[in-house]
Amino acid sequence: MAEDKIGKLLKSKKKKSFQDLAQLLTQIDEIGIKSLKYKQLLNPECFSFRLGITGPPGAGKSTLITQLIQHFCNNGMSVGVLAVDPSSPFSGGALLGDRIRYQEALHNQNVFVRSIGSRGSLGGLSASAYLMLRAFDYWQFDIVLIETVGVGQTELEIMNVADSTAVVLVPESGDGIQMMKAGLMEIADVFVVNKSDRPGAQSLVDEIKNELHARDQQDRVPVFSTVASQNQGIEELAKHIEKESQKDFSFFRKSKDKIQAEAKALLRGELEQKITQKAARIKSLKELL
Ligand SMILES: Nc1nc2c(ncn2[C@@H]2O[C@H](COP(=O)(O)OP(=O)(O)O)[C@@H](O)[C@H]2O)c(=O)[nH]1
Ligand SMILES: [Mg+2]
């Protein structure tokens with residue numbers, strides 16, 4: 001039974017094997033909210049710093065993550081990645097060239113990657129995403145990177161689950177203002193203007209900085225320029241993230257807002273399961289009346 005297996009996997013943590021973790025995540029996905037019966041998952045002893053990385057598809061989030069992984073591993077840190085994106089190269093959705101590059105980074109012994117489909121059917125981040133991140137905490141990664149693709153609700157919900165959120169934008173999209181309207185301005189703790197090798201990068205940086213200024217957020221939210229595909233600007237960004245990761249964010253995690261957001265996602269997951277089960281038993285729509 002899934003539940004016995006979870007108990008066993010949680011206890012065998014001494015070895016800290018990624019194979020065990022992979023199995024644990026599969027079991028958690030299966031039993032959903034019941035995973036919280038295990039105190040190790042309900043109240044993890046430690047929190048791994050979670051950086052959410054969000055932005056439009058093709059902005060270079062996965063490329064950026066690959067470079068960040070390399071940087072953190074070189075500094076002796078362990079890195080967990082949750083790719084909440086079915087088209088993520090981490091789940092094999094990329095061109096061959098990309099995949100080879102990822103594999104280079106993933107070869108690293110201290111890196112664990114899991115990809116999951118983007119959303120629960122009722123919208124928002126899936127219950128599984130929340131629960132799996134609890135397992136990441138239990139495994140005590142130094143840093144956990146969460147990639148979400150920019151589709152409205154999921155994109156914004158990243159702030160509920162991450163300790164800090166990086167919003168990745170690119171010059172060619174030309175929709176800096178659009179992004180700001182979509183609420184990204186409010187959730188960003190750091191902006192990354194990637195593909196800075198393309199024209200218009202500096203004006204996007206200026207646009208973001210002006211907007212931050214207008215909101216009196218210029219001192220809180222830095223703006224970095226990167227060319228992820230050429231490993232440019234990564235060092236500065238990574239150093240900033242490392243510094244952020246040292247902060248005490250346990251207060252944040254235990255806040256009422258965060259707990260309620262997670263509760264909502266978990267309840268939604270339960271409801272989805274019930275709907276699926278009930279629908280599977282229905283032979284005539286009359287039964288719904
Ligand atoms: N010119 C340029 N291309 C980049 C840069 N970063 C990533 N790319 C390319 O953009 C494409 C999409 O990157 P990917 O990381 O998959 O984007 P994601 O959808 O945001 O995860 C890939 O072909 C990358 O090689 C960059 O800084 N400059
Ligand atoms: Mg991606």
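Notes on the structure follow. The residue numbering used here restarts from 1 in each chain and proceeds along that chain's sequence as written. Working convention: letters from A go to chains and numbers from 1 go to ligands, in the order in which they are written. In keeping with the predicted nature of the model, local features appear solely for residues at pLDDT of at least 70, side-chain atom pairs appear and are counted solely at 80 or more, and the whole-chain, interface and lining totals rest on all residues.

Points about the overall build of the protein
- Working definition: helices are DSSP H or I runs of at least four residues, strands are E runs of at least two. Numbering for both runs from the N terminus. For the protein, the helix and strand inventory stands at 13 helices and 7 strands.
- Of all 289 residues assigned to the protein, the portion counted as buried reaches 42%.
- The contacts in the protein between residues at least 6 apart in sequence include a share of 77% that link residues at least 24 apart. Each residue is classified by how many other C-beta atoms fall within 10 Å of its C-beta atom, where C-beta atoms are placed from the backbone; a count of 20 or more means buried, 12 or fewer means exposed, and values in between mean partly exposed. Think of it this way: build a C-beta for each residue from its backbone, and any pair within 7 Å is a contact.

Observations regarding the environment of Ile187
- Relative to the helices and strands, Ile187 resides in helix α9 (residues 184–187).
- Residue classification places Ile187 among the partly exposed residues on the basis of 19 C-beta atoms within 10 Å.
- Each C-alpha atom of the pair Ile187 and Val167 lies 8.2 Å from the other, and the pair is 20 residues apart in sequence.
- If we ignore the near neighbours within four places in the chain, the residues touching Ile187 are Leu156, Ile158, Met159, Thr165 and Val167.

Quick notes on helix α6 (residues 127–138)
- The terminal C-alpha atoms of α6, which comprises 12 residues, lie 17 Å apart, in line with the 16 Å expected from a rise of 1.5 Å per residue.
- Buried residues dominate α6, accounting for 12 of its 12 residues.
- Of the residues making up α6, those classed as buried are Ala127, Ser128, Ala129, Tyr130, Leu131, Met132, Leu133, Arg134, Ala135, Phe136, Asp137 and Tyr138. Helix span, as expected, comes to 1.5 Å for every residue beyond the first.

Section: the pairing of strand β6 (residues 190–193)
- The two faces of β6 match: Val190 and Val192 on one face and Phe191 and Val193 on the other face are all buried.
- Note on pairing: two strands pair once DSSP finds at least 2 bridges between them. Here 4 bridges tie strand β5 (residues 164–169) to β6, and the two strands are oriented parallel to one another. Across the sheet, the residue bridging to Ala166 is Val190, located in β6.
- Across 3 bridges, β6 lies against strand β7 (residues 223–225) in parallel orientation. Considered in β7, the bridge of Val192 is made with Phe224.

Focus: the nonpolar core
- Within the largest apolar cluster, 69 residues are counted, with the highest numbers of intra-cluster contacts made by Leu82, Met132, Ala135, Val144, Leu145, Ile146 and Val192.
- Considering each element in turn, this core owes the most residues, 9 residues, to α6.
- Bear in mind that the domain bounds are from an automatic or database domain assignment. For this core, the two domains that each supply at least three residues are domain 1 (1–43) and domain 2 (44–288).
- Once residues lying within four places of it in the same chain are set aside, the contact partners of Leu82 are Arg114, Ile116, Ala129, Met132, Leu133, Val144 and Ile146. Among buried residues, those of type Ala, Val, Leu, Ile, Met, Phe, Trp, Tyr and Cys that are joined through C-beta atoms within 7 Å form a set called a nonpolar core.

Regarding the sheet that holds strand β3 (residues 111–116)
- Taken in spatial order, the 7 strands of this open sheet run β3-β2-β4-β1-β5-β6-β7, and their pairing is parallel. The sheet is open, and its two borders are formed by β3 and β7, each paired with just one other strand. The average angle at which neighbouring strand axes cross in this sheet is 20°, direction not considered.
- Of the strands in this sheet, β1 (49–55), β2 (79–84), β3 and β4 (143–149) are in contact with α6, which crosses β2 at around 175°. Axis definition: a line fitted to C-alpha atoms, limited for helices to the stretch in contact. Angles are taken between N-to-C directions and run from 0 to 180 degrees.

Section: the pairing of β4
- Counting buried positions along β4 yields 7 of 7 residues, so the element is predominantly enclosed.
- Side chains Ile143, Leu145, Glu147 and Val149 project from β4 onto one buried face, and the interleaved Val144, Ile146 and Thr148 project onto a second face that is buried too.
- Here β1 runs beside β4; their pairing, made up of 7 bridges, is parallel. Across the sheet, the residue bridging to Gly55 is Val149, located in β4.
- With 6 bridges connecting them, β2 and β4 associate as parallel partners. Its bridge partner being in β4, Gly80 is matched across the sheet by Val144.

What about the packing of helix α2 (residues 18–31) against α6?
- Two elements in contact, α2 and α6, have axes whose closest approach is 10 Å; the angle formed by their N-to-C orientations is 145°. Pair α2 / α6 crosses with right-handed handedness. Seen from α2, the contacting residues are Leu21, Leu24, Leu25, Ile28 and Asp29; seen from α6, they are Ser128, Leu131, Met132 and Ala135.
- Gly falls in the polar group here, along with every residue not listed as nonpolar (Ala, Val, Leu, Ile, Met, Phe, Trp, Tyr, Cys, Pro) or charged (Asp, Glu, Lys, Arg). Here the residues of the contact of α2 with α6 sort into 7 nonpolar, 1 polar and 1 charged. By the definition used in this description, the sense in which the near helix is turned from the far one sets the handedness, with an anticlockwise turn below a right angle giving left-handed and a clockwise turn giving right-handed.

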